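Below, each chain spelled out in residue letters.
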Amino acid sequence: MAEAAHAALPAEFRRLTGEVVIGVADFPEDEVLEELGLESPFDLMGLFQGVGLPQGAATAATGQMPNRIWLYRRPILDWWAENEDSLGEIVTHVLVHEIGHHFGFSDDDMEAIEAAAIEEEARA
């Protein structure tokens, strides 16, 4: 589902992600929660790790880990169970949010990208 959501993003947005790796885990690791000051693993649905365009690179330099986006399955499923959005819409939202904020996009930019991705997904 994460790969399908990424593939449905507008081409220019996908291009900006470089060789981003999308990972799925049940919950964030304890170190991530501690670093972000979160009390519950359900407080985080996704995370971007890496060096983005505002910092100078979308692709990893030699010896540098690739950019990675984590989607956290259990918090996403809990959100889905408590809201009216489809699971695909939630995954797309989290994916766009993690990519977009890291690349310096505004909330309006991300909403437009997300809307285009959901429309594209509906056509598929």
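Criteria and thresholds
- Residues numbered from 1 in each chain as written.
- Predicted model: local features only at pLDDT ≥ 70, side-chain atom pairs only at ≥ 80, totals over all residues.
- Heavy atoms only, no water.
- Pairing = 2+ DSSP bridges.
- Helix = DSSP H or I, 4+ residues; strand = E, 2+ residues; numbered from the N terminus.
- Axes fitted to C-alpha atoms, helices over the stretch in contact; angles between N-to-C directions.
- Patch = residues over 30% accessible without salt bridge, like charges linked within 9 Å, V, L, I, M, F, W, Y side chains within 5 Å.
- Areas by Shrake-Rupley, 256 points an atom, 1.4 Å probe, with all protein chains shown as cover.
- Salt bridge = Lys/Arg side-chain N within 4 Å of Asp/Glu carboxyl O.
- Lys, Arg positive; Asp, Glu negative; His and termini not counted.
- Charge placed at Lys NZ, Arg CZ, Asp CG, Glu CD.

What follows deals with the sheet that holds strand β2 (residues 46-49). Taken together, the 3 strands give an open sheet; going across it, the order is β1-β3-β2, and neighbouring strands pair in mixed fashion. Each end of this open sheet is capped by a strand with a single partner; those strands are β1 (21-25) and β2. Taking each pair of neighbouring strands and ignoring which way they run, the sheet shows an average axis angle of 20°. In this structure, β2 lies alongside strand β3 (residues 68-72), joined through 4 bridges in antiparallel fashion. Within β3, the position partnered with F48 by the bridge is I69.

Right, let's talk about a negative patch on the surface for a bit. Residues E29, D30, E31, E34 and E35 make up a contiguous surface patch of negative charge. Topologically, E35 is positioned in helix α3 (residues 30-36).

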